[in-house]
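Chain by chain, the residues run as shown.
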Amino acid sequence: MNEISIATTKNINANGWLNGFIGVLLFSGSLPATKLAILGFSPLFLTFARATIAGLLALAALSIFKQKWPNRNQVIPLIIVALGVVLGYPLLSALALQHITSAHSIVFVGLLPLATALFGVWRGGERPKPLFWLFSIFGSLLVISYAVAQGLTASPAGDLLMLAAIVVCGLGYAEGAKLSKTLGGWQVISWALLLALPVMLPLSFIYMPLGFENVNAGAWTSLAYVSLFSMFIGFVFWYKGLAQGGVASVGQLQLLQPFFGLALAAFILQEQVSWGMLLVTIGVIACVAGSKKFGK
């Protein structure tokens, strides 16, 4: 490989990490915003409404930029993306947040990089170096150890729902990243949202509250955030970053998400952030450097 090719590859990888970082930064507000939103809306309505709003935005974007319809081979992967990140993760995490605090749920996000990497190997054919797995598994074990140390007394149901959310989200991330290489980053989430729209739109009306008198400004603002940033704009950067830098390696940036999320939970929701949470978060963040180095 000549010097120009090496420099080009490095630039693409660097852009992948930058786009991935922006995506993670936007996703970091998702769980605190969801926690705030379910104080005014039911988890079911919140899930369907956010997908509907984002789906209408995606429809507008696809129409304005005159995007071609996906081919037959891309439909099934798009359905997997929709089930994972449009329906699965939003619904399961919202249900979990009925039982646990957003600060507690954010710690489980430390498992998401490992889930994404595993699905990246399975679905995308990536082969990270052995040391990559060491750092990734160590970061995930920190999260699991924290949950066990708490005795799962917060809520076994909440923890199990968050674990299920992580699994389906990791699959949706990996599948979307693989598809982004041929379809484009923002196009992947847009088509996934559009595929889900015929289901999400009527369900939004079915589960709509009888009245909105008791819904405060915080819940409305949170609904807007998870609809625009968590459900659409964040994925534009995230899928592009995963496609450029690799699902397994760039996916480790999600280890930063607990740090940003805990800060938001403490600042916005005034939730208590324990020393244990902070130590676990610092530990998994430290794994990012190692996993980045050995990601490919």
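Rules used throughout
Residues numbered from 1 in each chain as written. Predicted model: local features only at pLDDT ≥ 70, side-chain atom pairs only at ≥ 80, totals over all residues. Heavy atoms only, no water. Axes fitted to C-alpha atoms, helices over the stretch in contact; angles between N-to-C directions. Helix = DSSP H or I, 4+ residues; strand = E, 2+ residues; numbered from the N terminus. Left-handed = near helix turned anticlockwise from the far one by under 90°. Contact = heavy atoms within 4.5 Å. Nonpolar A, V, L, I, M, F, W, Y, C, P; charged D, E, K, R; others polar. Buried < 20%, exposed > 50% of the residue type's maximum accessible area, 1.4 Å probe, protein only. Core = buried A, V, L, I, M, F, W, Y, C linked by side-chain atoms within 4.5 Å. Phe/Tyr/Trp six-rings, centres within 6.5 Å; stacked < 30°, edge-to-face > 60°. Expected span 1.5 Å × (residues − 1). Bend = angle between axes of the 7 residues up to and from the residue. Polar contact = N/O pair within 3.5 Å; in protein donor to acceptor, adjacent residues only side chain to side chain.

Honestly, the packing of helix 2 (residues 30-37) against helix 10 (residues 217-245) in this entry has me stumped. Any pointers?
A pair of packed helices is captured by two measures, namely the crossing angle of their axes and the spacing between those axes. Where helix 2 meets helix 10, the axes come as close as 8 Å, and the angle between the chain directions of the two elements is 140 degrees. The crossing of helix 2 and helix 10 is left-handed. Residues Ser 30, Ala 33, Thr 34, Leu 36 and Ala 37 of helix 2 touch helix 10, and the partners they reach there are Gly 218, Ala 219, Ser 222, Leu 223, Tyr 225, Val 226 and Ser 230. A per-class count over the contact of helix 2 with helix 10 returns 7 nonpolar, 5 polar and no charged.

How should I be thinking about the environment of Leu 56 in this particular structure?
For Leu 56, the location among the structural elements is in helix 3 (residues 43-64). Given the relative accessible area of 44%, Leu 56 is considered partly exposed. When the C-alpha atoms of Leu 56 and Leu 114 are compared, they prove to be 32 Å apart, with 58 residues separating the residues in sequence.

When you look at the nonpolar core in this model, what are you seeing that I'm missing?
Within soluble globular proteins, side chains that are nonpolar tend to cluster in buried spots. Residues Val 85, Val 86, Tyr 173, Phe 235, Trp 238 and Tyr 239 are the most contacted members of the largest nonpolar core, which totals 73 residues. If we ignore the near neighbours within four places in the chain, the residues touching Tyr 239 are Val 81, Val 85, Gly 172, Tyr 173, Gly 176, Ala 177, Ser 180, Gly 185, Val 188 and Ile 189. Judged by nonpolar contacts, the second largest core, of 5 residues, contains Ala 117, Phe 132, Trp 133 and Ala 248.

Quick question: what am I supposed to make of the packing of aromatic side chains here?
Aromatic rings in a pair are described by how distant their centres are and how their planes are angled relative to each other. With the rule as written, the count across this model stands at 15 aromatic pairs. Seen from their ring centres, Tyr 173 and Phe 235 are 6.0 Å apart, and the 65 degrees between their planes marks the pair as edge-to-face. Taken together, the residues Tyr 173 in helix 8 (residues 156-183) and Phe 235 in helix 10 connect sequence positions 62 residues apart. Assessed through its relative accessible area of 3%, Phe 235 is described here as buried. One aromatic cluster is present, formed by Phe 27, Tyr 173, Phe 235, Trp 238 and Tyr 239 through successive ring pairs.

Looking at this model, I keep getting lost on helix 9 (residues 185-206). Mind explaining?
What sets the pattern is the α-helix's 3.6 residues per turn: residues three or four places apart point alike. Given a rise of 1.5 Å per residue, 22 residues ought to cover 32 Å, and the 31 Å separating the end C-alpha atoms of helix 9 matches this to within 8%. Roughly 55 degrees is the biggest bend found in helix 9, and it falls at Leu 197, with proline Pro 198 one to four residues downstream.

Can you help me understand unusual backbone geometry in this one?
Most peptide bonds take the trans configuration, and most residues that are not glycine carry a negative phi. If you check the backbone angles, Lys 66 has positive phi at about 50 degrees while not being a glycine. Counting through the fold element by element, Lys 66 comes out in the loop between helix 3 and helix 4 (72-96).

I'm lost on the side chain of Ser 30 in this one. Help?
If you trace the backbone, Ser 30 turns up in helix 2. Among the polar contacts made by the side chain of Ser 30, one reaches the side chain of Ser 230 at a distance of 2.6 Å. Setting aside residues up to four positions removed in sequence, Ser 30 forms contacts with Tyr 225, Val 226 and Ser 230.

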